[in-house]
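Analysis of the macromolecular model
Letter by letter, the chains look like this.
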Amino acid sequence: MTPPFSDQSPDTPRRFDGIGQNRSLSRGLEILRAFKPGTDLLGNGELAERTGLSAATVSRLTQTLVTSGFLEYERGARAYRLAAPVLSLGHAMRAASPVLNAATPFMRDVSNKLRVNIGLAGADRTEMVYLESIRYNRRASLRTIVAGQRVPMELTSLGRAYLATRDLAARQALLKTIMQGYRSASWKPIVADIDRAIAKIAADDYCVASWQPGVVAMSTPLLVPGGQTLALNLSLMTDDTPAAVARQHAADLLDLKNKIVIELARRSPAQ
């Protein structure tokens, strides 16, 4: 079962906590969150299981979301799918994002020059969501990481770079939630890897991970105007060790980060 819908994004400002929240809206958004890549149709029972909401509440919310146009109802399957306005919101976010407008040209240049993949991601609860993904591979069938895709926080260099920026209490809260999906024996080495990544960030401002066979990725935290923390990464398919990739590309990743930071500062209204 999905954790209760009251979870907030780790970067949510404290002034948005508390009684000002609209509970019905939060629950409705939780219904939309239940749809993941590879999920086409979900019935009320499946939505209740994924969100932890009661069947009666889910029924009321899905009816409202259909009426408002954010869900479509498939009568034959007695189930729901996301509707076009959801995609429109994502497009609007990407088109209007000052961070993406500033960062994407630099990311594309580095990807083409070095023949590597470049990504930028933000945290959503216990996962990282790609805001932009520049895949170098010329074959479309191999460009499988796209904007909007989620990856595990605990296993990826993106997630570990983000965790390194959290204070101890916030990081422990996130890890406590994540560990519920693991057996104790398999969780211990992951925590050890996270601790090493945090130490590497503190020392060198980047960390490296290889959680998929044949792919090495390295990431660095990126603090953007407004206080949000993102993670910038560089990855490639290679037989080289993570240490060898770091020796070759650490300076490239940090130089890219510096260019983005300078450009964001230049564009900031505060400047």
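Residues numbered from 1 in each chain as written. Predicted model: local features only at pLDDT ≥ 70, side-chain atom pairs only at ≥ 80, totals over all residues. Heavy atoms only, no water.

If you check an unreviewed UniProt entry, the chain appears there as IclR family transcriptional regulator from Achromobacter piechaudii.

1. Topic: the confidence of the model for the chain
On average, residues of the chain score 91 in pLDDT, and 89% of them are at 70 or above. A low-confidence stretch, residues 1–7 stays under pLDDT 50, and its non-local contacts, those more than four residues away or across chains, total 16 contacts. (pLDDT = per-residue confidence, 0-100. Contact = heavy atoms within 4.5 Å.)

2. Re the nonpolar core
Core analysis: the largest hydrophobic core is formed by 27 residues, its most contacted members being Met 107, Ile 118, Leu 120, Met 218, Leu 232 and Ile 260. Elements with a contribution of two residues or more to this core: α5 (98–114), β3 (117–124), β4 (127–134), β7 (215–223), β8 (229–237) and α9 (242–267). Considering every element that reaches this core, the biggest residue donor is α9, with seven residues. Those residues in contact with Ile 260 that lie beyond four places of it in its chain are Ala 103, Phe 106, Met 107, Leu 222 and Leu 232. Ala 123, Leu 174, Ile 190 and Ala 197 belong to the second-largest nonpolar core, a separate cluster that totals 22 residues. (Core = buried A, V, L, I, M, F, W, Y, C linked by side-chain atoms within 4.5 Å. Buried < 20%, exposed > 50% of the residue type's maximum accessible area, 1.4 Å probe, protein only. Helix = DSSP H or I, 4+ residues; strand = E, 2+ residues; numbered from the N terminus.)

3. Details of the pattern of salt bridges
Following the criterion strictly, the structure yields 13 salt bridges and no others. Glu 30 is the partner of Arg 125 in a salt bridge, and the nearest nitrogen-oxygen pair spans 2.9 Å. Taken together, the residues Arg 125 in the loop between β3 and β4 and Glu 30 in helix α1 (residues 23–33) connect sequence positions 95 residues apart. Note on Arg 125: relative accessible area 13%, which makes it buried. Linking Arg 150 and Glu 127 is a salt bridge whose minimum nitrogen-to-oxygen distance equals 3.0 Å. Taken together, the positions of Arg 150 in strand β5 (residues 150–152) and Glu 127 in strand β4 put the pair 23 residues apart, joining distant regions of the chain. Of the residues examined, Arg 150 reaches a relative accessible area of 27% and is grouped as partly exposed. (Salt bridge = Lys/Arg side-chain N within 4 Å of Asp/Glu carboxyl O.)

4. Some points on the side chain of Thr 156
With respect to the secondary-structure elements, Thr 156 resides in the loop between β5 and α6 (157–163). Relative accessible area serves as the criterion here: at 4%, Thr 156 is assigned to the buried category. Sequence-distant contacts of Thr 156, defined by excluding residues within four places in its chain, comprise Val 151, Ala 209 and Trp 211.

5. Comments concerning the sheet that holds β3
In a beta sheet, neighbouring strands are held together by backbone hydrogen bonds and run either parallel or antiparallel to one another. Pairing is antiparallel in the open sheet, where six strands are placed in the order β5-β4-β3-β8-β7-β6. For this open sheet the edge positions go to β5 and β6 (207–212), each flanked by a neighbour on one side alone. The average angle at which neighbouring strand axes cross in this sheet is 35 degrees, direction not considered. (Pairing = 2+ DSSP bridges. Axes fitted to C-alpha atoms, helices over the stretch in contact; angles between N-to-C directions.)

6. What about the packing of α5 against α9?
Packing of α5 against α9 brings their axes to within 9 Å, and their N-to-C directions diverge by 150 degrees. Here α5 lies roughly antiparallel to α9, going by the angle between them. Considering how the two elements wind past one another, α5 and α9 form a crossing that is right-handed. From α5, Pro 98, Val 99, Asn 101, Ala 102, Ala 103, Phe 106, Met 107, Val 110 and Leu 114 reach across to α9, where they touch His 249, Asp 252, Leu 256, Lys 259, Ile 260, Glu 263, Leu 264 and Arg 267. For the contact of α5 with α9, the residue count by class is eleven nonpolar, two polar and four charged. (Parallel < 35°, antiparallel > 145°, perpendicular 65-115°, else oblique. Left-handed = near helix turned anticlockwise from the far one by under 90°. Nonpolar A, V, L, I, M, F, W, Y, C, P; charged D, E, K, R; others polar.)

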